[in-house]
Amino acid sequence: MNHQNLLSRTGNLQARPHRGVVLLSARELDKMRRVGRLAAKLLQHLEPMIKPGVSTQTLNDEAEQWTQAQGAVSAQLGYAPPGHSPFPRSICTSVNDVICHGIPHPKQILKDGDIINIDVTLILDGYYGDTSKTFLVGNPSATARTLVEVTHDCMMRGIAEIKPGARIGDIGAAIQEYAETHRFSVVREMVGHGVGQQFHMEPQIPHYGQRGSGLKLRPGMVFTVEPMLNEGSRDIKILSDGWTIMTRDKKLSAQFEHTVAVTEDGAEILTLP
Ligand code: MF3
Ligand code: CO
Ligand code: CO
């Protein structure tokens, strides 16, 4: 029996779990589309500001002001999972050898040749939208540009695996294969995640793995695909601020993230502007 079709017809608002994974109804997916689009538009809004001389705090402040003006809320400001201090800013700004969860600061000024990932997560009408992109500041090295391009393509190759009946391991395998073809490494400590009425939910989506392994995908599942690729080794280091995650060898790292829904015949990217 196809429960998803039944739900689409009845418009049932109840989120139902399958093996601990929530399946969203058609009406919930509409709310996810709205918040997803808004998060993508925030990245689009910030893009022209990403130039040498701007501080990551200025990007944060613009993001917070824009988010409030849209009637949305930053999910990241004050976010405190068990064992973590509250995240002190509205967006994550991860520059060069920072892999993720970089904290915006007024003394951190972007310079020509940097790469910066901006990760935004918004809450609108009770639903979360999570997306990030790595931007070029001025003219980065050929290696930096290749890393950024390959990381984006890894995300899209992972998303291309998504359809009912495919498995979570298929996503990670596609990402890992393409990254390693280009001699980049994949970070393993941070994974994609289910997202909906909460920020981080089941299932976990590793960006490495084996085809045919893991949970089978079903229509109505919504999760992020957010690979982090390192220029050098995959080893990480966590700063004493409790948040900033860096490459151990101080080489570059890049990341892209979309929130994606499993549909009847494939995948729908929810975080496009
Ligand atoms: N947006 C990140 C993710 O993709 C999480 C950031 S949590 C924060 O899951 F507290 F650092 F903002
Ligand atoms: Co995420
Ligand atoms: Co994110």
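Please read these numbers as outputs of a predicted model, since none were measured by experiment. (Residues numbered from 1 in each chain as written. Chains lettered and ligands numbered in written order. Predicted model: local features only at pLDDT ≥ 70, side-chain atom pairs only at ≥ 80, totals over all residues. Heavy atoms only, no water.)

**Q** How would you summarise the coordination of the cobalt ion (ligand 3) if you had to cite specific residues and measurements?
**A** Listed as protein donors to the cobalt ion (ligand 3) are D119 (OD), D119 (OD), D130 (OD) and E257 (OE); their distances from the metal cover 2.1 to 2.4 Å. Around the cobalt ion (ligand 3), the six donor atoms are arranged such that angles at the metal cover 58 to 165 degrees; this shape is classified as irregular. On the primary sequence, the residues serving as donors to the cobalt ion (ligand 3) are separated as D-x10-D-x126-E. The distance between the cobalt ion (ligand 3) and the cobalt ion (ligand 2) comes to 3.3 Å, and D130 binds to both of them. You can see D119 sitting in strand β6 (residues 115-124) and its partner E257 sitting in the loop between β15 (253-255) and β16 (258-262), a full 138 residues away along the chain. The two residues D119 and E257 agree in class, both being buried. (Donors = N, O, S within 2.8 Å, 3.2 Å for Na, K, Ca; no water. Tetrahedral: all angles 85-135°; square planar, octahedral: opposite > 155°, others 65-115°. Helix = DSSP H or I, 4+ residues; strand = E, 2+ residues; numbered from the N terminus. Buried < 20%, exposed > 50% of the residue type's maximum accessible area, 1.4 Å probe, protein only.)

**Q** Please provide a residue-by-residue account of the packing of helix α2 (residues 26-46) against helix α3 (residues 56-69), values included.
**A** Relative orientation of the contacting elements α2 and α3 amounts to 140 degrees, with a least axis distance of 10 Å. The angle between the axes of α2 and α3 places the two elements in the oblique class. Handedness of the α2/α3 crossing: right-handed. Contacts between α2 and α3 involve L38, K41, L42, H45 and L46 from the first element and L59, E62, A63, W66 and T67 from the second. For the contact of α2 with α3, the residue count by class is six nonpolar, two polar and two charged. (Axes fitted to C-alpha atoms, helices over the stretch in contact; angles between N-to-C directions. Parallel < 35°, antiparallel > 145°, perpendicular 65-115°, else oblique. Left-handed = near helix turned anticlockwise from the far one by under 90°. Contact = heavy atoms within 4.5 Å. Nonpolar A, V, L, I, M, F, W, Y, C, P; charged D, E, K, R; others polar.)

**Q** Go over the site of ligand 1 with me, naming the residues and quoting the values.
**A** Lining the immediate surroundings of ligand 1 are 14 residues, of which Q76, D119, H200, E226 and E257 lie closest. Interatomic distance of 2.8 Å between a side-chain N/O atom of H200 and an oxygen atom of ligand 1. In isolation ligand 1 has 340 Å² of accessible area, and contact with the protein removes 97% of it. Counting atoms within 2 Å of the grid points, the majority share of ligand 1 lands in the largest pocket. (Near = heavy atom within 4 Å. Polar contact = N/O pair within 3.5 Å; in protein donor to acceptor, adjacent residues only side chain to side chain. Areas by Shrake-Rupley, 256 points an atom, 1.4 Å probe, with all protein chains shown as cover. 1 Å grid on protein atoms, 1.4 Å probe; cavity = no way out; pocket = protein on both sides within 12 Å on 5 of 7 lines; lining within 4 Å. Sits in = over half its atoms within 2 Å of the grid points.)

**Q** For the sheet that holds strand β13 (residues 236-238), give the residues involved together with the corresponding values.
**A** Reading across the sheet, the three strands line up as β5-β14-β13 and stay open at both edges, with antiparallel pairing between neighbours. Each of the sheet's edge strands pairs with one partner strand only, and the pair in question is β5 (98-100) and β13. Within the sheet, the average angular offset between the axes of one strand and its neighbour, ignoring direction, is 40 degrees. (Pairing = 2+ DSSP bridges.)

**Q** Help me get a handle on the layout of surface pockets, residues and values and all.
**A** Here the largest pocket defines a volume of roughly 680 Å³. In this structure, the largest pocket is lined by 30 residues; those nearest its centre are Y79, H101, M190, V191 and H200. Top element by residues in the lining of the largest pocket is strand β10 (residues 201-205). It accounts for three residues. Partitioning the lining of the largest pocket into residue classes produces 14 nonpolar, 10 polar and six charged. (Points joined across faces, edges and corners; volume = space filled by probe spheres on them.)

**Q** Can you lay out the sheet that holds strand β8 (residues 185-186) for me, pointing to particular residues and giving the numbers?
**A** Taken in spatial order, the three strands make up an open sheet running β8-β12-β15, and their pairing is antiparallel. Strands at the two margins of the open sheet, each flanked by one partner only, are β8 and β15. Bridge count between β8 and strand β12 (residues 228-230): two bridges; the pairing is antiparallel. Looking at the pairing, S185 lines up with N230 of β12.

**Q** Describe the coordination of the cobalt ion (ligand 2), with residues and values.
**A** Summarising the metal site, the cobalt ion (ligand 2) is bound by the protein donors D130 (OD), H193 (NE2), E226 (OE) and E257 (OE), whose distances to it range over 2.0 to 2.2 Å. Classification of the site at the cobalt ion (ligand 2) as irregular follows from its six donor atoms and the range of 50 to 161 degrees in their angles at the metal. Positions of the donor residues of the cobalt ion (ligand 2), expressed as sequence spacing, correspond to D-x62-H-x32-E-x30-E.

**Q** Explain unusual backbone geometry residue by residue, including any values.
**A** Across the junction of E202 and P203, the peptide omega takes the value 0 degrees, indicating a cis bond. Take P203: it is sitting in strand β10. The residue K250 is not glycine, and still its phi comes out positive at about 65 degrees. Mapped onto the fold, K250 is located in the loop between β14 (245-247) and β15.

**Q** How would you explain the packing of helix α4 (residues 142-160) against helix α5 (residues 168-181) if you had to name every residue and give the values?
**A** The contact between α4 and α5 brings their axes to 8 Å, and the two run at 150 degrees. Here α5 runs roughly antiparallel to α4, going by the angle between their axes. Where α4 crosses over α5, the two elements pack in a sense that is right-handed. Between α4 and α5, the residues in contact are V150, D153, C154, R157 and G158 and I171, A174, I175, Y178 and A179, respectively. When grouped by side-chain class, the residues that make up the contact of α4 with α5 number seven nonpolar, one polar and two charged.

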